[in-house]
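One-letter residues, chain by chain:
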Amino acid sequence: MRIFVISDMEGVAGICRWDQVMADRPGYEEGRLLYTEELNAAVRGAFAAGATDVVVMDCHGAGGDRSFNSLVPDRLDPRADFVVQHRWTEYTGFLEQGCDAALFIGQHAMAGAERGVLSHTVSSTNWHALFFNGVEVGEVGINAALCGTWGTPVALVTGDDVVCAESAALLGPGLHTLAVKTGLGRFSARHHSPARAREAIEQASRAALKDMTGAPVYEPGAPCTITVELNTADQADPYRNRPDVTVTGPRTLEATAGTWWEAWRAIYLTR
């Protein structure tokens, strides 16, 4: 069984401030350790469920050379491989080779979510909202669509209670979720202790992979129109000369293609 662990930092127990997730800030090293140990818990759970191959993909943009490179390699379970990307969503090799399930660890709620801890979508400063065929999504939706492009089901989402509810609403009741903290506001939460959170993640990962009967494979629809609402009008300027992107309003842009992946590459991976 081949398992893809797709991870972010903001949904980790013990993290609720930008200082803990931004490179070179005083709290970043603490955040990295908390993050890596939750990943280890998911890896342990995956192997306990019968995994033969586990790959962890760091999807946290911490800034600079630390973007998508925040986990602590020496602390990672030695049975797992890990991916350091240059740009988020660019690595698809493990999915293309055939993957049995994905675990989403440390996830956060979409931009504007009430009580969502460190909530944002893609950029905490540039993107106001994101829609796939008219349905508003956050980063769980992006990661799920990436996995769904190659038919990989999402077995588990962990993070705060807000992202768990968001994920279940988008992906359906067959999704397993685990809240390791309760959002009290964008910069405050009631957290499980790290030890308790890790134990719960290990158990939840094992259970979700043992019974994937209802694990959802997310398909936003084909053809697919991706709509981005930006925060300010000047942020639309870099998109004006892209052949497959249309600036439809002062702060709004769209890309339509036969598949979600084609539309996403036009919006996010084409410069």
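Please read all numbers here as calculations on a predicted model, not as lab measurements. (Residues numbered from 1 in each chain as written. Predicted model: local features only at pLDDT ≥ 70, side-chain atom pairs only at ≥ 80, totals over all residues. Heavy atoms only, no water.)

Here we take up helix α4 (residues 161-171). Listing the buried residues of α4 in full gives Val162, Val163, Cys164, Glu166, Ser167 and Leu171. Turning to α4, the residues buried within the fold contact β4 (101-107), α3 (139-149), β7 (154-160) and β8 (176-185). Among the residues of α4, the N-terminal cap falls to aspartate 160, whose side-chain oxygen and the backbone nitrogen of valine 162 are separated by 3.0 Å. Downstream of α4 by a residue or two, glycine 172 has a phi angle that is positive, lying close to 105 degrees. (Buried < 20%, exposed > 50% of the residue type's maximum accessible area, 1.4 Å probe, protein only. Helix = DSSP H or I, 4+ residues; strand = E, 2+ residues; numbered from the N terminus. Contact = heavy atoms within 4.5 Å. Polar contact = N/O pair within 3.5 Å; in protein donor to acceptor, adjacent residues only side chain to side chain.)

Under the UniProt annotation, the feature "active site" (unreviewed entry) is placed at His120. Its location among the elements puts histidine 120 in the loop between β4 and β5 (127-132). In contact with histidine 120, not counting residues within four places along its chain, are Glu10, Trp18, His108, Ala109, Met110, Ala111, Glu139 and Arg186. Engagement of the side chain of histidine 120 in a polar contact is seen with the side chain of histidine 108, the distance being 3.3 Å. (UniProt positions renumbered as here; feature names shortened; annotations may be inferred.)

With that settled, the discussion passes to the sheet that holds strand β10 (residues 224-230). Within the open sheet, the 5 strands sit side by side as β6-β5-β10-β12-β11. Their pairing is antiparallel. Two strands close off the open sheet at either side, each with one partner strand: β6 (135-136) and β11 (246-249). Bridge count for β11 against strand β12 (residues 252-257) is 3 bridges, and the pairing is antiparallel. By the bridge assignment, threonine 246 is partnered in β12 with glutamate 254. (Pairing = 2+ DSSP bridges.)

In this structure, histidine 128 sits in strand β5. You can call histidine 128 partly exposed: its relative accessible area is 41%. Between the C-alpha atom of histidine 128 and that of leucine 230, which follows or precedes it by 102 residues, the distance is 5.0 Å. The residues contacting histidine 128, other than those within four sequence positions of it, are Ala111, Glu229, Leu230, Asn231 and Arg251.

So, on to the packing of helix α1 (residues 28-48) against helix α5 (residues 194-210). Direction vectors running N to C along α1 and α5 enclose 30 degrees, while the axes themselves pass 7 Å from each other. Crossing geometry of α1 relative to α5 is assigned as right-handed. Here Leu34, Glu37, Glu38, Ala41, Ala42, Arg44, Gly45, Ala46 and Ala48 of α1 lie close against α5, whose contacting residues are Pro194, Ala197, Arg198, Ile201, Glu202, Ser205, Arg206, Leu209 and Lys210. Its residues assigned to classes, the contact of α1 with α5 comprises 9 nonpolar, 2 polar and 7 charged. (Axes fitted to C-alpha atoms, helices over the stretch in contact; angles between N-to-C directions. Left-handed = near helix turned anticlockwise from the far one by under 90°. Nonpolar A, V, L, I, M, F, W, Y, C, P; charged D, E, K, R; others polar.)

Gaps left between atoms show up when a probe the size of a water molecule is rolled over them. A volume near 710 Å³ is recorded for the largest pocket. Gly61, Val122, Ser123, Ser124 and Tyr268 are, among the 29 residues lining the largest pocket, the residues nearest its centre. Within the lining of the largest pocket, the residues separate by chemical class into 13 nonpolar, 10 polar and 6 charged. (1 Å grid on protein atoms, 1.4 Å probe; cavity = no way out; pocket = protein on both sides within 12 Å on 5 of 7 lines; lining within 4 Å. Points joined across faces, edges and corners; volume = space filled by probe spheres on them.)

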